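Remarks on the overall topology
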Amino acid sequence: MRVPRSLEVWKMGTVNYLNALKLQDKLVSHRKTHKIPDTVLSLQHPPTYTLGKRRTDHNLLVPESDLKTIGAELHYTQRGGDITFHGPNQAILYPIISLRDIGLGARNYVEKLELTMIELASLYGVKARAGRVGETGVWVGERKIGAIGVRISSGITSHGLAFNIDPDLNYYKLIVPCGIADKEVTSLRRETDLVLPTEEVIHEQLISCFARLFGFSDIIWKEDTPISPDNWEAE
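What you see is a predicted model, and the numbers here were worked out from it, not measured in a lab. (Residues numbered from 1 in each chain as written. Predicted model: local features only at pLDDT ≥ 70, side-chain atom pairs only at ≥ 80, totals over all residues. Heavy atoms only, no water.)

Our focus in this paragraph is the pairing of strand 9 (residues 143-153). Bridge count between strand 8 (residues 138-140) and strand 9: 3 bridges; the pairing is antiparallel. Directly across from Trp-139, in strand 9, lies its bridge partner Lys-144. Note: strand 9 against strand 11 (residues 184-185), 2 bridges, orientation parallel. When the bridges of strand 11 are listed, Arg-143 appears paired with Glu-184. Relative to strand 10 (residues 156-164), strand 9 is paired through 8 bridges, and the arrangement is antiparallel. Its bridge partner lying in strand 10, Gly-149 is registered against Gly-160. (Pairing = 2+ DSSP bridges. Helix = DSSP H or I, 4+ residues; strand = E, 2+ residues; numbered from the N terminus.)

Here you go:
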């Protein structure tokens, strides 16, 4: 008989990227010492470009100073993957979970993140797929709809996935998304003929897909989570 497992979900709205990064670091530390349960941050960022630990700056096609003129930030991170964009109208999940507790390796973890987005897309009649060799993330045909970049430390995950609901795709023209040239980026809005519900509903559907695929039997929703670093202590 499987032991019921709960997932705590922090619904955070729009959060500055650096604040989200600091929060993840603190929660990873708390998860390692069992101060918190498996947790997922559900949020969006203001316009932000991030580079992974491989530091592939050449895939940023404009000087960093140009990003400031359009109100976007650039940040270097310790996640895997290449350059990507985060912004409004995008659903982002940052899971802080113990892979050891659920018996998953890194490859299977990433595959389940892919399936989470593929399942969400299918709810709207969109047939998505995992990336082929040399491709990362989730695709609709030859168009990328979801990005994945993860970090795993002592079996605890951070960073995660970003699914395009209806972001301004012009931001992607300034980069080689995820380091893959000659490929388009798309969104759920572009790919479905269905009328989309509110973004909050889509975020919740994404979390439900995640919880089911990872075997969580109960979701504990936390809203109005404090964003100030001074309040980020385990309860």
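Looking now at the nonpolar core. Ranked by internal contacts, the top residues of the largest apolar core, which has 37 residues, are Leu-7, Ile-97, Leu-113, Phe-163, Phe-210 and Phe-214. When residues of this core are traced back to their parent elements, those giving at least two are strand 1 (6-14), strand 6 (90-96), helix 3 (99-102), helix 4 (106-122), strand 8, strand 9, strand 10 and helix 6 (199-213). Here the element with the most residues in this core is helix 6; it accounts for 7 residues. Discounting residues that sit within four places of it in the chain, Leu-7 has contacts with Asp-38, Thr-39, Val-40, Ile-97, Phe-210, Ala-211, Phe-216, Asp-218, Ile-219 and Ile-220. Within the second largest apolar cluster, 17 residues are counted, among which are Met-12, Val-15, Leu-23 and Leu-27. (Core = buried A, V, L, I, M, F, W, Y, C linked by side-chain atoms within 4.5 Å. Buried < 20%, exposed > 50% of the residue type's maximum accessible area, 1.4 Å probe, protein only. Contact = heavy atoms within 4.5 Å.)

What follows covers the environment of Ala-130. Locating Ala-130 in the fold gives a position in strand 7 (residues 129-130). Residue class for Ala-130 comes out partly exposed when judged on its relative accessible area of 29%. The spacing of Ala-130 and Glu-114 is 16 residues in sequence and 6.0 Å in space, taken between C-alpha atoms. Not counting residues up to four positions away in its chain, the partners in contact with Ala-130 are Glu-114, Ile-118, Gly-137 and Trp-139.

A separate point is unusual backbone geometry. The backbone phi angle of His-34 is positive, close to 65°, even though this residue is not glycine. The exposed category is assigned to His-34, whose relative accessible area is 61%. One non-glycine residue, Asn-89, lies in the positive phi region at around 65°. Assignment of secondary structure puts Asn-89 in the loop between strand 5 (84-86) and strand 6.

Such coordinate-based values are descriptive only and should not be taken to indicate function.
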